[in-house]
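Listed below, chain by chain, are the residues.
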Amino acid sequence: MAPSTAVSSDTGSTSAGGFRTAIVPAAGLGTRFLPTTKAVPKELLPVVDTPGIEYVAAEAAEAGARRLVIVTSPGKDAVAQYFQRQPELEETLERRGKTELLDKVRRAPNLLEVETAIQEEALGLGHAVGCAEPNLRPDDDAVAVLLPDDLVLPTGVLGRMTRARAEHGGTVLCAFDIPKDQISAYGVFDVEDTDDPDVKKVKGMVEKPPADQAPSTFAAAGRYLLDRAVFDALKRITPGAGGELQLTDAVALLIEEGHPVHVVVHREGRHDLGNPGGFLRAAVDFALSHPEYGPDLREWLRGRVEAND
């Protein structure tokens, strides 16, 4: 499927289900991309000419976010700096008449307000999200969490999740319908149907179950619309394997306590930027749809594949 960053019609977020703050956990070491990530944060590696974190930030802005809290670790200042203005560079490009490049350089700083939270130790996704709690404002009844390794295509699922929260309340997660023989690699939802075939009520979650014991084929993806109650739950869960606090454990606790949790099933595409193989597939996919690079790349790939057959 061709990638798309176009604004979806699912952008409404002024309803009761809406949000204004998005959190992007970006504190990891990027070990699968070493040695590159010794110097360049994984989140800034370019998918063609745009880093993955900009695509994620744009998705949040399209869905109604006005603020982005990037959870970083010590030494990863470059991730937040990417969203700051570069007056000298902009002036140089403007003077040289590089209008198209100037627009690209200004694009990320104009998306939304960006601030950072620091995760001193890698203690799990739940811990990373909890580190952003001091950045929240009193009117942040819900926050979106977007994992920068996941590009969900086309954009728009956060808008659907917002509408589901407006209807059902509580917390709304994104899910993919995974083939059963692959389901054991995922966190899997135990669900029951609603009137909408793509919105399911969550009764529980199972982490990486054997395929024959999985309660469904609906697996967790990298988009969350969390009721603020999750931050209290994060304080009450215990560390799991490796001493990490898992976000799914906090959600499971809320379910036990009667907090409504639903999933929106996204039936289109995604790219996993968290490993080199997935990153390369994303780069090729995006490049093929690029008006400048696509035609030549498609011809080259066709010849390259034929040469190897």
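Residues numbered from 1 in each chain as written. Predicted model: local features only at pLDDT ≥ 70, side-chain atom pairs only at ≥ 80, totals over all residues. Heavy atoms only, no water.

Looking at an unreviewed UniProt entry, the protein carries the name UTP--glucose-1-phosphate uridylyltransferase, with the source organism given as Actinophytocola xanthii. Database annotation for the protein, UniProt heading Catalytic activity (unreviewed entry): "alpha-D-glucose 1-phosphate + UTP + H(+) = UDP-alpha-D-glucose + diphosphate". (UniProt positions renumbered as here; feature names shortened; annotations may be inferred.)

Residues in a regular strand project their side chains so that they alternate between the two faces of the sheet. With six of its six residues buried, strand β4 (residues 67-72) lies for the most part within the structure. Every second residue of β4 is oriented toward a common face, with R67, V69 and V71 on one face and L68, I70 and T72 on the other, all of them buried. Inspection of the sheet shows strand β1 (residues 21-25) paired to β4 by five bridges, in the parallel sense. Counterpart to I23 in the pairing with β4 is V69. Where β4 meets strand β5 (residues 113-118), six bridges bridge the pair, whose relative direction is parallel. By the bridge assignment for β5, R67 is matched with E113. (Buried < 20%, exposed > 50% of the residue type's maximum accessible area, 1.4 Å probe, protein only. Helix = DSSP H or I, 4+ residues; strand = E, 2+ residues; numbered from the N terminus. Pairing = 2+ DSSP bridges.)

Further remarks concern the pairing of strand β8 (residues 171-177). Among the seven residues in β8, six count as buried, and that is most of the element. In this sheet, strand β11 (residues 218-227) lies alongside β8 in antiparallel orientation, the contact comprising five bridges. Looking at β11, one finds that D177 is bridged to F218.

Let us look at the side chain of N135. Within the secondary structure layout, N135 lies in the loop between α5 (125-131) and β6 (142-146). Accessibility expressed as a relative area gives 14% for N135, which makes it buried. What N135 contacts, discounting residues up to four positions off in sequence, is R67, V69, E115, T116 and A117. (Contact = heavy atoms within 4.5 Å.)

A few words now on unusual backbone geometry. The amide bond that connects L34 to the next residue, P35, takes the cis arrangement and shows omega of 10 degrees. Counting through the fold element by element, P35 comes out in the loop between β1 and β2 (46-47). Omega for the bond connecting L153 with P154 falls within 30 degrees of zero, at -15 degrees, which places this linkage in the cis form. The residue P154 is located in the loop between β7 (150-153) and α6 (157-168) in this model.

Glancing now at the nonpolar core. If you look at the biggest cluster of nonpolar residues, it comprises 48 residues, and the most contacted ones within it are F19, A22, L68, L146 and M161. Among the elements that make up this core, the one with the highest residue count is helix α1 (residues 52-62) (six residues). Counting contributing residues, this core receives three or more from each of domain 1 (18-148) and domain 2 (155-267). For L68, the residues in contact, after removing those within four places along its chain, are A22, V24, A57, F83, L112, E113, V114 and E115. Listed in part, the 35 residues of the second largest apolar core include A117, V129, Y224 and F231. (Core = buried A, V, L, I, M, F, W, Y, C linked by side-chain atoms within 4.5 Å. Domains from an automatic or database assignment.)

In terms of domain boundaries, the protein breaks down into domain 1 (18-148) and domain 2 (155-267). Between the C-alpha centres of domain 1 and domain 2 there is a distance of 24 Å. Each partner contributes to the interface: domain 1 provides 28 residues, whereas domain 2 provides 21 residues. A buried area of about 2,100 Å², summed over both sides, lies between domain 1 and domain 2, and 58% of it is on carbon and sulfur atoms. Considering only the side of domain 1, the residues that lose the most area to domain 2 are E59, E133 and V145, jointly responsible for 23% of the buried surface there. (Buried area = accessible area lost by both parts, 1.4 Å probe.)

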